[in-house]
Structures are given as structure tokens and as C-alpha cells.
Number of protein chains: 2
Amino acid sequence: MAEAVFYLDKNGPQSLQTQLRQRVIDAIVSGSLEPGVRMPSTRRLSADLGIARNTVSLVYQQLVADGYLAGRERSGVFVSDALFEAVRIGRHREERQPSAVSPWRSRLQTVVRTEGEGRAPPNWELNPYPFLDGAYDASLSPGPEWRDAVRSTLSAQEFAEWSQDGGELDDARLVHEIRTKILPRRGVQAGADEVLIVGGRRAAFSLLIRAFVNRGMRAAVEEPGFPDLGQLLRLHGADVTPTPVDANGMVVDEIDPGAGLVFLTPACQYPTGARLSERRRRRLLEQAEAGDRLVVEYDLAASGGFTDKAAPALRGMDQVGRVIYVADLCDVLGPGLGLGFIVADADLVRELRRLRTLIAGSAPRAAQRTAAFFLSLGHYDVILGRQQRVLRERLNALRDALNYHLPQLVAIDPRSNGTAIWVEGPAELSTRQLANEAAKRGVLIEPADRFYAAPGAASSQFRMGVTAIPAGKIREGVAILAEVIRSLTQPSLDRLDPAAHAWMEGAALRERISGAKLLCRTAYGDPYEVDVLPDGRLVGKAGYAHEDCDVGSWWMEGDFWCRRWNEWSYGETARFLTVIDGDQIRWYRSDRLLFNRGVIKPNAAIDDEAIRANLAP
Amino acid sequence: MAEAVFYLDKNGPQSLQTQLRQRVIDAIVSGSLEPGVRMPSTRRLSADLGIARNTVSLVYQQLVADGYLAGRERSGVFVSDALFEAVRIGRHREERQPSAVSPWRSRLQTVVRTEGEGRAPPNWELNPYPFLDGAYDASLSPGPEWRDAVRSTLSAQEFAEWSQDGGELDDARLVHEIRTKILPRRGVQAGADEVLIVGGRRAAFSLLIRAFVNRGMRAAVEEPGFPDLGQLLRLHGADVTPTPVDANGMVVDEIDPGAGLVFLTPACQYPTGARLSERRRRRLLEQAEAGDRLVVEYDLAASGGFTDKAAPALRGMDQVGRVIYVADLCDVLGPGLGLGFIVADADLVRELRRLRTLIAGSAPRAAQRTAAFFLSLGHYDVILGRQQRVLRERLNALRDALNYHLPQLVAIDPRSNGTAIWVEGPAELSTRQLANEAAKRGVLIEPADRFYAAPGAASSQFRMGVTAIPAGKIREGVAILAEVIRSLTQPSLDRLDPAAHAWMEGAALRERISGAKLLCRTAYGDPYEVDVLPDGRLVGKAGYAHEDCDVGSWWMEGDFWCRRWNEWSYGETARFLTVIDGDQIRWYRSDRLLFNRGVIKPNAAIDDEAIRANLAP
């Protein structure tokens with residue numbers, strides 16, 4: 001039975017009957033009273049509201065007549081099932097529209113943009129090719145291990161413990177697990193009083209900004225970086241100065257000398273994946289000491305989010321307490337948990353704890369205890385290892401696919417130490433447009449401009465992540481993306497004019513290429529060379545030190561030069577029309593679009609010994 | 001095996017060997033490397049750190065010699081078990097002391113007081129008589145029901161759903177349950193787009209303050225009220241104006257006319273329990289409309305926290321969208337959960353949702369889904385009913401005990417609609433001192449001054465809550481509190497001088513009191529009268545309409561007048577020395593301290609019919 005309470009104004013201009021009728025309808029159309037719910041008896045409702053029973057009866061009778069309610073013999077009055085959802089919603093909207101200008105709007109202090117917010121789009125799972133970073137597919141979630149940890153928290157004794165209001169204190173077990181299982185791996189030593197549990201990255205940033213930022217204070221952030229961090233800092237009145245990032249991480253010498261606070265992601269820069277160099281780490285700490293500056297280090301490597309062995313945390317180098325360490329447990333434990341932590345000197349943790357109590361309260365104790373069990377049962381190491389293995393495999397698959405499907409079209413930033421690849425698309429193509437077109441075909445990529453504070457920056461860059469896409473989908477997704485890029489950039493691409501018939505004829509090409517050495521570059525800018533042996537073999541050596549080698553074969557089919565590698569290019573046969581101009585050689589696909597270019601030299605090194613030693617099939 | 005990463009500075013002034021030694025010791029003394037943990041092999045550590053294996057071996061050998069590490073034959077090197085905790089802590093502190101002044105301190109914007117913060121003291125469970133409000137004892141926690149709900153979230157399908165990053169969205173099922181199970185009971189109708197899930201009361205206040213408060217804005221709060229709310233408002237630059245509270249709730253006519261924002265607890269005022277009167281509700285909304293003011297209503301009645309039938313929420317009366325409704329789910333679901341919600345107009349919810357994403361992120365999805373199951377499985381109603389029944393019984397026990405043990409010493413505020421009683425102690429006694437002394441004997445009470453912004457306010461008032469103390473402990477706790485009060489206030493109390501022997505002798509007292517009518521007041525100020533019948537019977541009638549009656553008997557033992565009620569005063573025998581001065585009568589306990597006073601009249605109404613009708617045993 002519905003337990004509805006309706007407010008009636010006994011001194012109002014409308015009759016009680018009209019008011020009650022309106023309130024019941026409101027409740028039904030807004031969905032508060034659901035179809036099929038039994039209404040309170042007239043006796044009960046009249047007593048609850050302090051009005052005559054007859055008034056209630058009359059209202060019910062009318063509403064039954066109107067179809068809002070339905071009477072069932074001897075069992076009471078119910079909200080009608082027959083009222084269609086569309087009617088309810090339509091009516092709801094219609095009633096709410098006339099309410100003039102919102103009374104709260106003039107008092108709103110700030111309007112938050114979340115368009116550039118960096119999270120995965122809603123329902124991204126519906127797309128077959130989500131090249132996202134940070135949105136985790138279910139196969140990487142620690143389902144069974146998590147259930148194991150949750151079950152451990154359910155014993156009566158455990159429940160009695162964590163369901164108490166712990167006041168300002170954190171779950172001592174979780175603090176212990178963080179100190180002994182996570183931090184040593186990151187090169188950080190911390191006492192129990194140097195760790196503060198918070199609700200995740202955003203909660204940590206909010207707390208630190210609330211603690212340290214005043215109006216007009218200057219704060220340096222990475223560019224590109226977390227899109228919401230600059231906004232949050234500005235919300236608190238800070239003067240935000242973006243600092244460029246290159247392949248060695250934040251360019252610390254370009255940090256605003258007046259900055260009192262620096263936020264950075266040294267172990268694995270967000271979003272590029274660059275690692276802060278040793279020299280810059282030292283320089284950053286020197287600067288901080290000289291400029292009386294605090295450094296907030298957000299460590300993605302504490303919780304997965306990286307595929308290589310990560311550099312230790314800055315906090316481990318800091319001898320004076322200028323570095324405040326922040327990490328999020330979500331990447332391993334899943335975003336549904338909402339836990340992160342701060343490591344700082346004990347007296348600062350004490351201040352932050354009080355502030356946290358005031359602005360947010362403690363992190364939920366149920367989640368804290370679950371995470372503590374998860375860590376203590378050893379699941380963290382297992383999951384982290386599993387995630388890293390899978391993500392590394394996916395990242396390699398993505399590199400191969402980009403190189404195969406998009407050479408000449410994109411340049412790939414080699415710095416990636418994380419779980420995504422940073423791609424420079426064709427300069428003439430807006431990545432926003434590309435992302436929109438690709439999304440129509442189920443391919444999600446992340447335009448890089450959302451990570452930049454400067455408007456219009458990096459408009460042709462985008463990021464492709466692997467945390468959400470299975471390895472088996474990667475090549476297909478990249479192939480579709482390549483088609484989309486070609487369809488959008490065709491006019492300006494190098495295209496072979498079929499009418500002009502400018503390519504070499506088969507016999508002449510065979511003559512020229514047989515025994516030649518070809519010098520080219522991959523999409524990553526790495527050099528590779530190919531020896532085209534007269535006997536139909538190919539020998540390929542890639543990398544500056546020829547660290548990646550393969551063999552294959554070549555042949556002619558009319559004017560098409562055909563080749564197949566054992567491993568490279570998925571071991572598939574490819575056919576090209578070829579143009580040679582002096583020592584410049586270009587290959588065109590059968591659709592006449594440029595595939596790659598290089599230099600042709602006559603002297604293929606027929607180093608049979610090397611072939612046998614390194615490449616024997 | 002320990003997975004420690006140590007940071008070594010290859011260009012630093014200290015040798016790598018010295019540095020490594022120091023890092024390992026740091027890790028051991030700080031507890032990061034625990035006793036018994038196996039150290040990485042010399043081969044592995046030297047490879048990880050990129051230093052000579054011999055360096056690592058030498059450091060390990062030294063540390064074994066020093067007792068930090070211990071070698072075990074053929075199984076490696078371990079952190080020594082023999083290192084005592086005291087040594088570790090001592091060393092840890094010693095090393096940290098010299099670090100001069102904290103580099104962060106000069107940058108800290110605000111120091112938060114949490115002394116008056118209103119939460120239960122840490123480890124309050126260790127006290128046998130915790131008269132607290134809001135700290136729940138385990139018997140009221142929904143253990144089995146909670147486990148039921150948690151288990152429902154653990155299926156693979158459920159896990160896959162909630163462990164995804166939902167972006168800005170809340171759990172649709174929880175929103176549905178709140179709209180259909182909680183809000184109708186509070187007289188509030190809300191569409192799905194009018195509900196925002198947050199991390200609890202503090203998170204809700206933080207969000208709304210962040211959204212609406214600018215520097216210098218005036219905000220009205222209740223006095224007494226939430227101690228942290230004023231502090232949070234001031235932290236954001238608001239000019240906070242405390243508004244008095246009386247037995248009808250916030251005195252709305254005294255709200256600062258310039259206030260742009262009003263925070264109040266209408267259904268059950270925090271902390272006094274008063275209910276905002278009908279007239280004041282209307283007046284508040286009129287004022288808000290006239291003064292372009294927003295009203296934030298925090299509804300304790302949504303989630304337990306009250307023992308009577310609560311008045312409907314203000315939001316249900318608000319036709320224009322000026323009232324923003326806030327509730328916390330913790331009182332029913334337990335503080336370990338960390339969930340609450342805001343109800344406001346859909347377009348405001350949209351803005352608040354973006355702001356929430358920026359400053360805190362969404363509420364943890366695991367907790368949201370668990371709460372949704374808890375509500376949908378019908379546990380909420382059951383638990384709420386059980387809690388209210390138990391709390392009402394406890395509150396009655398507390399009233400009885402206060403009246404029995406502390407008449408004449410305290411005055412009790414009758415307005416309580418919540419789960420605590422507001423007590424006015426002896427004016428000459430500081431409640432802080434009383435609370436400290438009582439705590440030494442295991443009795444926890446809450447001084448009222450912490451709920452007041454004005455310093456020194458209500459220094460003799462305190463609050464006694466029943467959410468944490470079992471009914472069976474209440475009388476004992478109040479008896480101890482009475483002893484403490486007497487021991488602290490003895491000098492100024494009315495005390496019978498045994499030397500003066502000023503009390504009436506037995507025979508004279510029997511003569512005077514037999515057949516008399518006694519008029520007195522309870523500790524709550526309610527009148528009661530006692531007919532002392534000549535046949536040894538007592539007839540007592542309490543309340544303005546004699547709504548509470550009892551019978552008993554009386555007799556003399558020497559100079560002591562003895563009485564025993566059937567129900568009142570726990571049905572126990574009490575003995576008093578009596579002083580009569582004109583028509584004034586005073587009773588003293590055997591320790592010569594005043595027990596109660598009254599007026600004696602000669603004409604006991606020997607209304608045998610009334611006795612038979614109402615009081616027949």
C-alpha cells in the first residue's frame with residue numbers, strides 16, 4: 001500500500017478536495033505513485049491528513065472516473081495500470097514548463113563545463129571498437145576476486161566493525177595494506193599517520209585545492225593534462241598556468257616561477273604516457289625548495305594504468321615533505337568503488353583529515369573494508385599482473401594495426417608508457433570531425449584537444465586507448481578508422497591518376513627493384529630497410545639497431561609488385577603500383593591511394609649468412 | 001617477497017651503498033617492510049636498481065649484522081622479526097623530528113576545528129553508557145538485511161553493470177527506489193531527473209555551498225544547529241547569521257533579511273528535535289519568494305532519526321522550486337555506506353551533477369547498487385519500523401530515569417521529536433566539566449555548546465541521545481550521571497543539616513500528611529498531584545489532563561516517610577526526610593540532599609470511584 005503523505009494547505013485559496021486531487025495526480029504523473037500501487041484507505045488517509053473522510057472518498061471517486069485510479073472489488077483503490085508512460089511524461093513536462101525562470105539560477109556561482117571532461121561517453125559499451133583509455137572492459141574487472149573480498153566483509157563481526165561511524169578515522173586495515181602492498185612497489189615509505197583515504201582522484205584534488213589554494217594563487221598544471229583539474233583550480237580562484245609536456249614529461253623549466261603549487265603525473269604522464277626524466281625530477285624538487293612550492297604528484301602507476309615498469313614515485317625522492325602523493329585505487333578495483341588515497345607528512349595529514357571531515361566526510365567504510373580484504377587476500381598483485389599483461393598485448397596489437405593501416409596518414413608519438421597511443425592525424429583534418437565520423441561506424445577515439453587548456457590546441461591529435469577494447473577487435477577497428485580518415489582527407493592525399501598511367505610497368509619495375517635495397521620509415525618514425533633479393537626473397541630489418549627482423553617473398557602480377565612477410569603486416573599478401581622518381585619510390589594501393597614512400601638503392605646486401613643466422617624460417 | 005622499489009640518486013653526494021642501506025632501514029623502521037618479509041634477491045634488486053650486485057650484497061650483509069635483516073639458509077634474506085615495535089617507532093620519530101618547519105604550513109589556507117564537530121568520540125563503544133545521538137549501536141544495524149542486499153549485487157551480471165564507470169550518471173535503480181519508497185512517505189514528488197545521489201550530508205552541503213555561495217554572501221543557519229555547517233559556509237566566504245530555535249523550530253521571523261540562502265531542519269530540528277510549526281513553514285516560503293532566497297532543507301526524518309510521526313517535508317509545499325531537499329541514507333543503512341541525495345528541479349540537478357563530477361566524482365556505484373537492493377527488497381520499511389520502535393522505547397526509559405534520578409537538578413526541554421533529550425543542567429555547573437567527569441565513569445553526554453556558533457552559549461545545557469545505548473543501561477547511566485552532578489554541585493544544593501535536625505518527626509509528619517493532597521512538578525515541568533489516603537494508599541495523577549495515573553502505598557519508618565508506586569519510579573520503595581514550612585513541603589533523600597519540593601494541601605480527594613475505574617490493580 002502506498003505510504004504517501006500529501007501536503008494540504010488548509011488556509012489556501014483552493015478547496016481541500018481540489019488540492020488533494022491535484023497532489024494525487026502530481027504523484028501519479030511524476031511516477032512517485034506507480035501503476036498498480038494500492039492507495040491508502042479513505043479512513044486512513046483522512047486520519048493522516050486530518051480532513052473529512054468524505055473528502056477523500058469524493059477525490060478517489062473522481063480519479064477513478066478520470067482513469068488515474070482503478071477500484072478493484074473488495075480490495076481497495078489502485079493507481080491505474082492503463083495510464084501510458086507517454087501520457088505521464090507528457091503531462092509531467094506540460095505542468096512543469098510554465099514555472100517561469102528558475103529561482104535558483106541567479107544565485108548559481110559557476111556553470112561547470114563537462115564536455116571536455118575526459119570520461120568515456122555514456123553507453124560506450126555499445127560501440128564495437130571503443131579505443132578508450134581508462135574505461136575498463138568487463139574482462140579486466142576483478143569479478144571473482146572482488147566477490148571474494150566482499151564476502152569477507154559480510155561476517156557479523158566484520159559488519160559490526162565497519163558499519164560503525166568511525167568518526168574521522170580511516171579503516172586501519174586498508175591503511176596497512178596500502179602502506180605494505182602498494183607503496184613499497186612505488187618506492188614510497190609511509191607511516192600509518194601519513195596516509196589519508198579519500199573518495200578517489202577528484203576528491204583528493206578537491207581536498208588539496210581547498211586546503212592550499214586562495215584567490216589569485218598561481219598553480220602550474222601539465223598541458224595536456226587532466227581537463228577537469230584546471231577547471232577545479234579556477235573554481236577556487238587559482239590562476240592556472242599550463243606547462244608543456246614533451247617526451248620526457250612536464251617541461252619543468254617552463255613552470256611559472258610564481259607558481260606556489262604544481263600538479264603533475266611523473267611516472268606516467270596523463271594523457272600522453274610520457275615518463276618524467278631523472279634530470280627533471282631532480283630539477284623539479286630543487287625548484288620547489290628554492291621557490292617554496294608544493295608539488296602534488298598523481299601516480300597512475302600505483303593502480304595499474306601503465307604497461308611498462310614504472311619509475312618510482314617522486315614522493316620517494318622527497319626528503320623535505322614538499323611532495324604530496326595522490327593515487328586512485330579504481331583502476332585495479334574498478335570505478336564502482338570510489339577510493340583513493342593521499343600520502344603526506346603526518347601533521348599535514350592531520351589537517352587534511354579535519355578538512356575532509358568538514359567538506360566530504362570519511363570515505364565509505366564498507367568500501368574501505370572491502371578494498372582492505374581485496375589487498376590482503378593477495379588479489380591486487382594478481383589482478384595488476386593480469387591487467388598489465390593483457391594491456392601490453394593490446395597495445396602491441398594497436399601499434400601493429402596503426403602501422404599497417406595508417407602509414408603516411410598518421411604519426412605516432414613514441415613516448416607512450418601508459419595504456420594508450422597518442423596519434424597525430426592528417427593536419428588538414430579536424431579530429432573532432434574525425435571522431436564524430438568514426439563514432440558513426442562504431443569506432444571511438446578521443447580527440448586530444450580536450451586535454452588541452454588552450455583552445456584549438458592539438459586539433460589534429462587524438463588518443464587511442466586499449467583498456468576497453470579486446471585485442472581481437474583492434475585491427476578491425478583501425479581498418480575502419482583508416483577508411484574514415486581516407487574518406488575525409490581524399491582530396492588532399494597523394495593519389496595516383498589512373499588516366500595518366502604514371503606507374504611503372506611490370507617488366508621495368510622487376511628489373512629495377514630486383515636486388516635493390518629499400519629504405520623506409522614506419523608510422524612511428526622508426527627506420528626499416530628491405531633487401532629485395534633477386535631470388536624472390538625479402539629481408540626486412542627494422543629499428544635503429546635492427547632489433548626487429550623478418551623475411552618474406554616478392555613477385556610481380558602484371559604491373560603490381562606483390563609481397564608477403566612471414567610476420568610483418570599480419571603475414572598477408574599486399575599488392576602495389578609503384579612510382580620511381582630518381583631514388584624516390586612510392587607505393588600505391590589498388591585504390592590508387594598512396595601507401596608509403598621510401599628511397600631505393602641498387603645495392604641489396606645479399607648477406608646470406610646473416611639471413612641464415614637471424615631469419616631462418 | 002617484498003616488491004620494494006628504492007629510489008637512489010646516482011649523482012648524489014652519498015654512495016649508492018650508503019643510500020641503499022638508508023632506504024632499506026627507512027622502510028623497515030617506518031613499517032613499510034614488515035618483520036618476516038622476504039627481501040628481493042641481490043640479483044633482482046641490483047637489476048631493478050641498475051647497480052652492481054655486489055653493492056646490494058654488501059648492504060644486505062651489513063643489515064644482517066646490524067639486526068635489521070636476517071638470513072635463513074637457502075631461502076634468502078628476511079626483515080628481522082626481532083626488531084621491536086618500540087625501537088621502530090622510536091627511530092621513526094627521531095628521524096622525522098629534525099625536519100625543521102613543515103614546508104606546507106605557510107601555504108595552508110585554513111585550519112579546521114573539529115573539536116566541536118558533533119560526531120561521536122572515537123571508541124565511544126568502550127563506554128558502558130553512551131548517551132549519544134546519531135551513533136548507532138550494532139543492535140540497530142541492519143546486518144542480515146544488508147548482507148542480503150550485498151549478496152544481490154555480487155552476481156556476475158550485476159557486477160559487470162555497476163563496476164563500469166557510469167560517468168556522471170547515478171544508479172537508475174537507486175534513484176527509482178528513492179522516488180518510490182522514501183520520498184512519497186515524506187510528501188515529496190520527484191521525477192528521476194530531479195534526484196541526485198551524493199556521498200552523504202556533508203557532501204550534499206559542500207556541493208550546494210560550492211554552487212551558491214560567494215564571498216560575502218549572507219547565509220542563515222539554525223542556532224543551535226550542525227556545528228560544521230557554519231564552518232563550511234565560512235570556509236567558502238559566506239557571512240553566517242545564526243537564527244534562534246525554539247519549541248516550534250527555527251524562528252523564521254528572525255532570519256537575517258539579507259540572507260540569500262537558508263539552511264534548516266524543519267521536520268525534526270537538529271539537534272533539539274523541535275518541529276517547525278505550520279505557520280512558520282508558510283512564512284518561510286513567503287519570505288523566500290519575497291527575498292529571492294533559496295532554502296536548503298535537511299530532512300532527518302527521511303532516514304530514521306525520529307521517533308514520532310514526522311511532518312511532511314517543506315519541498316512538498318514548495319510550488320516554485322525554492323526549496324532544495326537533502327537527506328542522508330546513513331541512519332537506516334548505517335554510516336559505513338556514505339550515501340545521501342538531493343532533490344531539486346531538474347535543471348538545477350543537471351548543474352549540480354556537473355559540479356559534483358568536478359569536485360567529487362559520482363557516489364560509489366557499488367554502494368548505490370547495494371542501497372538500491374536494500375530498498376527494493378523491502379528492508380528499508382522493516383528496519384525503519386524496528387529502529388523507531390526501539391528508539392521510542394529507549395527515549396521513554398530515558399525520560400523516566402531523568403525524572404526519577406534528576407528532579408530538581410535538571411530541566412528537560414519538552415520539544416524532542418527526535419532521538420535525544422535536551423537537558424538544562426544546574427546553572428552553576430559547566431557542562432564541559434560535567435561531561436568530562438561523567439566520561440570518567442563511562443557516561444557520555446554531549447555538551448550543547450558545540451551546536452552553538454556563539455561562544456559560551458548554552459554552557460549548562462547538554463543532550464542525551466538514545467541511538468547508541470541499550471534500554472537496559474539507561475537507568476544505571478542516569479543514576480551515575482546524577483551522582484556526578486551532585487558531587488560537582490553539592491555546595492550550592494539545598495541540603496538538610498543533620499546537626500540542626502530540622503526535619504519533622506515521624507508521628508507529627510504522619511498526622512500532617514495523612515489525608516493530604518500533594519502538588520508537585522516532574523523534571524519536565526509537568527504537574528502531578530498525589531492523594532495521600534489515610535488508609536495507606538497513594539493515588540497519583542500526572543499531566544495537565546491527568547493522562548498518566550498510578551496507585552501506590554505509603555508508610556512511616558521512624559522519621560522517614562516511605563512510598564512505593566505500582567509503576568512510577570520503577571515501582572521501587574523510596575524513603576525521605578520531610579520538611580514542611582507553611583504549605584511548602586520538601587523531601588530529602590537519606591544522604592540529606594533535596595529530592596523534590598511541592599505544596600501540601602489538607603483535602604485529599606478520596607474519590608474511590610475514580611480509583612476503582614482508572615487504577616484498579
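Values in this document were obtained by computation on a predicted structure and should not be read as measured data.

You can overlay chain B on chain A at an RMSD of 0.2 Å; the transform is a turn of 180 degrees with a shift of 0.0 Å along its axis. Given the turn and translation reported, the copies of this chain are related as if by a two-fold rotation axis. Of the interface residues in chain B, 98% have counterparts in chain A that sit at the interface too, so the contact is made through matching surfaces.

Residues and elements named next belong to chain B. Pairing within the open sheet is mixed, and its eight strands lie in the order 4-11-10-9-8-5-6-7. Strands with a single pairing partner mark the edges of an open sheet, and in this sheet they are strand 4 (195-198) and strand 7 (249-250). Pairing geometry for strand 5 (residues 218-223) and strand 8 (residues 261-264), over two bridges, is parallel. For Ala 219, the partnering residue across the bridge sits in strand 8 and is Leu 261.

Once that is clear, we can look at the interface of chain B and chain A. Taken together, the 117 residues of chain B in the interface contact 116 residues of chain A. Summed over both sides, the interface between chain B and chain A buries roughly 10,100 Å², with carbon and sulfur atoms accounting for 54% of that surface. Contact with chain A buries surface across chain B, with B:Tyr7, B:Arg107 and B:Leu358 losing the most and accounting together for 8% of the total. Put simply, chain B and chain A have 10 residue pairs in polar contact (both at pLDDT 80 or more) between them. Counting residues per element, the side of chain B that touches chain A draws most heavily on helix 12 (residues 346-359) of chain B, which supplies nine residues. Grouping the amino acids of the side of chain B that touches chain A by side-chain chemistry returns 45 nonpolar, 36 polar and 36 charged.

Our next topic: the sheet that holds strand 12 (residues 411-412) of chain B. Residues and elements named next belong to chain B. Reading across the sheet, the four strands line up as 12-13-16-15 and stay open at both edges, with antiparallel pairing between neighbours. In the strand order of this sheet, the two ends are held by strand 12 and strand 15 (446-447), each with one partner. When strand 15 meets strand 16 (residues 461-465), the two strands line up antiparallel, connected through two bridges. Bridging across to strand 16, Glu 446 finds its partner in Arg 463.

A few words now on a negative patch on the surface. All names here are of chain A. A cluster of acidic residues, Asp 400, Asp 526, Glu 547 and Asp 548, forms a negative patch at the surface. Note that Asp 548 resides in strand 20 (residues 548-557). On the accessibility criterion, Asp 548 (39% relative accessible area) is partly exposed.

Right, let's talk about the packing of aromatic side chains for a bit. Inspection of every chain in the model, using the stated rule, returns 26 aromatic pairs over all chains. Aromatic side chains A:Tyr528 and A:Trp568 sit 6.1 Å apart centroid to centroid with 80 degrees between the ring planes, which places their arrangement in the edge-to-face category. On the criterion of sequence distance, the pair formed by A:Tyr528 in strand 18 (residues 527-532) and A:Trp568 in the loop between strand 21 (560-565) and strand 22 (573-581) is long-range, its members being 40 residues apart. Of the two residues, A:Tyr528 and A:Trp568, both sit in the buried class. Both rings, one in B:Trp422 and one in B:Phe451, keep their centres 6.0 Å apart while their planes meet at 50 degrees; by these two values the pair is tilted.

So, on to the packing of helix 2 (residues 42-49) of chain B against helix 3 (residues 53-66) of chain B. Residue and element names in this part refer to chain B. It is the contact of helix 2 with helix 3, at a shortest axis distance of 8 Å, that shows an interaxial angle of 125 degrees. By the angle between their directions, the pair helix 2 and helix 3 is classed as oblique. Handedness of the crossing formed by helix 2 with helix 3: right-handed. Only Arg 53, Val 56, Ser 57 and Tyr 60 of helix 3 make contact with helix 2, whose side of the interface consists of Thr 42, Arg 43, Leu 45 and Ser 46. Classifying every residue of the contact of helix 2 with helix 3 by side-chain character gives three nonpolar, three polar and two charged.

Calculation criteria
- Residues numbered from 1 in each chain as written.
- Chains lettered and ligands numbered in written order.
- Predicted model: local features only at pLDDT ≥ 70, side-chain atom pairs only at ≥ 80, totals over all residues.
- Heavy atoms only, no water.
- Least-squares fit on C-alpha atoms with pLDDT ≥ 70 in both.
- Contact = heavy atoms within 4.5 Å.
- Pairing = 2+ DSSP bridges.
- Helix = DSSP H or I, 4+ residues; strand = E, 2+ residues; numbered from the N terminus.
- Buried area = accessible area lost by both parts, 1.4 Å probe.
- Polar contact = N/O pair within 3.5 Å; in protein donor to acceptor, adjacent residues only side chain to side chain.
- Nonpolar A, V, L, I, M, F, W, Y, C, P; charged D, E, K, R; others polar.
- Patch = residues over 30% accessible without salt bridge, like charges linked within 9 Å, V, L, I, M, F, W, Y side chains within 5 Å.
- Areas by Shrake-Rupley, 256 points an atom, 1.4 Å probe, with all protein chains shown as cover.
- Salt bridge = Lys/Arg side-chain N within 4 Å of Asp/Glu carboxyl O.
- Lys, Arg positive; Asp, Glu negative; His and termini not counted.
- Charge placed at Lys NZ, Arg CZ, Asp CG, Glu CD.
- Buried < 20%, exposed > 50% of the residue type's maximum accessible area, 1.4 Å probe, protein only.
- Phe/Tyr/Trp six-rings, centres within 6.5 Å; stacked < 30°, edge-to-face > 60°.
- Axes fitted to C-alpha atoms, helices over the stretch in contact; angles between N-to-C directions.
- Parallel < 35°, antiparallel > 145°, perpendicular 65-115°, else oblique.
- Left-handed = near helix turned anticlockwise from the far one by under 90°.

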